[in-house]
Amino acid sequence: YNIKMEDFSTRCEIGRGQFGVVSKVYHNPTKVTMALKEIRLQLDELQLNQILMELNVLHEARSPYIVDFYGAFFIESCVYYCMEYMECGSLDSMFSFGCPEPVLARIAHAMVSGLKFLKDQFGVIHRDVKPTNVLVNSQGEVKLCDFGVSGKLNASLAKTRVGCENYMAPERIKSGASDQGYTVQSDIWSLGISLVEAATGKYPYPLNGRPTTSVFLIMQDIISGPAPSVDPARYSELCRDFITVCLHKDPSERPSYAQLLEHPFITKSQAADVDMAGWAQAALTHRASAA
Ligand code: ADP
């Protein structure tokens, strides 16, 4: 079945990314509420078709830690990507609550499991691990989106990608962010930075309101400054160790996904009861009352 624009009704904007808007839509044929992401590209039809073909493998990417893919199509030079609608939006919007350690551990587990799934099943490295690419639904499930499954799409987006909140690993910055030599280890660094951000509520490198010149300073700090950490008064030694091992400056010192899943920070939380749904519901309620 080929999904198309005419299938949708009640389009309403829920987010705005660098390449276009994300809308909540209702898919009439299946009666499913979906998120429709628009990606504006300067490409011809041949190249757009190549992207659609590459995205098609996602139909087989079924994992509880990956946002479900429903299909993609293009209109003019815009790719439309249809995916599972995640009511709470991205992880960065959950930070205003602070993230209790048990919840943080569950988030870490979901992110590592999702990244491992992509690597094991598709040989895919995510390449853009950051809080806005981690989505949460009303049941408190945490899933990854925006992974680099299409080489063609990666290449087109990389040309225009900007932004000063940098989740790039030191070795990636040193290599001039070239695509060669991108490994799983670099995603593990970005995972570590994302967890620090979830715990502290803010991007861990100083921005100080200097949007353009600071990009260089941040990069320098990522390479030579101390790795970010979280407050020992609020987070246990296990938690801090998990973050520390993800943020080894030397990528070969960072653990594998399998090793991370066996880290006691994760195993302890998996054995415990964590009310993820309660956490998600609290966020939704808080947002509704703030609106
Ligand atoms: P970026 O370009 O910064 O990665 P996106 O274009 O992916 O941002 O998404 C912009 C915003 O739209 C996200 O921060 C999130 O709040 C929202 N969003 C994206 N995908 C979904 C989804 N599947 N369900 C609900 N909200 C989403």
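Remember, it's a predicted structure, so these values are computed and weren't measured experimentally. (Residues numbered from 1 in each chain as written. Predicted model: local features only at pLDDT ≥ 70, side-chain atom pairs only at ≥ 80, totals over all residues.)

(A) Geometry of the UniProt feature "binding site: ATP" (unreviewed entry) in the protein. Mapped onto the present numbering, the UniProt feature "binding site: ATP" (unreviewed entry) falls on K37. Note on placement: K37 falls in strand β3 (residues 32-40). On the basis of neighbour counts, which here come to 21 C-beta atoms within 10 Å, the residue K37 falls in the buried class. If sequence neighbours within four positions are ignored, K37 has contacts with V22, Y81 and M83. (UniProt positions renumbered as here; feature names shortened; annotations may be inferred. Helix = DSSP H or I, 4+ residues; strand = E, 2+ residues; numbered from the N terminus. Buried ≥ 20, exposed ≤ 12 C-beta atoms within 10 Å, placed from the backbone. Contact = placed C-beta atoms within 7 Å.)

(B) Local environment of the site of the ligand. What surrounds the ligand is a group of 21 residues, the closest being G15, G17, V22, A35 and G89. Broken down by secondary-structure element, the contributors of at least two residues to the shell around the ligand are β1 (8-17), β3, β5 (78-84) and β6 (89-90). (Near = placed C-beta within 6 Å.)

(C) Quick look at the packing of helix α2 (residues 101-122) against helix α9 (residues 264-271). Running from amino to carboxyl end, α2 crosses α9 at an angle of 110 degrees, the nearest separation of the two axes being 9 Å. Considering the angle they form, α2 stands roughly perpendicular to α9. Within the contact between the two elements, α2 uses P102, A105, R106, A108 and H109 and α9 uses F265, I266, S269 and Q270. Considering only residue class, the contact of α2 with α9 consists of five nonpolar, three polar and one charged. (Axes fitted to C-alpha atoms, helices over the stretch in contact; angles between N-to-C directions. Parallel < 35°, antiparallel > 145°, perpendicular 65-115°, else oblique. Nonpolar A, V, L, I, M, F, W, Y, C, P; charged D, E, K, R; others polar.)

(D) Just the nonpolar core, in detail. Among the nonpolar cores identified, the biggest contains 73 residues, and M83, L104, I107, A108 and M111 are the most heavily contacted of them. Here the element with the most residues in this core is α2; it accounts for eleven residues. Excluding anything up to four places from it in sequence, A108 contacts L195, F242, F265 and I266. (Core = buried A, V, L, I, M, F, W, Y, C linked by C-beta atoms within 7 Å.)

(E) Structural view of the sheet that holds strand β4 (residues 69-75). Reading across from one edge, β1-β2-β3-β5-β4 is the order of the five strands in this open sheet, with antiparallel pairing throughout. Each having just a single partner strand, β1 and β4 make up the two edges of the open sheet. Looking at each pair of strands side by side, their axes are set apart by 25 degrees on average, direction ignored. Two strands pair when backbone bridges link them, and β3 and β5 are joined in this way by seven bridges, in the antiparallel orientation. For R40, the partnering residue across the bridge sits in β5 and is C78. Most of the contacts of helix α1 (residues 45-55) go to β4, to which it runs at about 175 degrees, and overall it touches β4 and β5. (Pairing = 2+ DSSP bridges.)

(F) Examining the pairing of β1 more closely. Of all ten residues making up β1, only zero are buried, and the element is barely covered by its neighbours. In the sheet, β1 pairs with strand β2 (residues 20-27) via seven bridges, with the strands oriented antiparallel. Across the sheet, residue R16 finds its bridge partner in β2, namely V21.

(G) Structural view of the sheet that holds strand β8 (residues 142-144). Spatial strand order, β6-β7-β8: three strands in an open sheet with antiparallel pairing. The strands lining the two open edges of the sheet, one partner per strand, are β6 and β8. Examined bridge by bridge, β6 and strand β7 (residues 134-136) share two bridges and lie antiparallel to one another. The partner of S90 across the bridge, within β7, is L135.

(H) Local environment of unusual backbone geometry. Backbone geometry places K31, a non-glycine residue, at a positive phi of 60 degrees. Looking at the secondary structure, you find K31 in the loop between β2 and β3. Since 7 C-beta atoms lie within 10 Å of it, K31 is described here as exposed.

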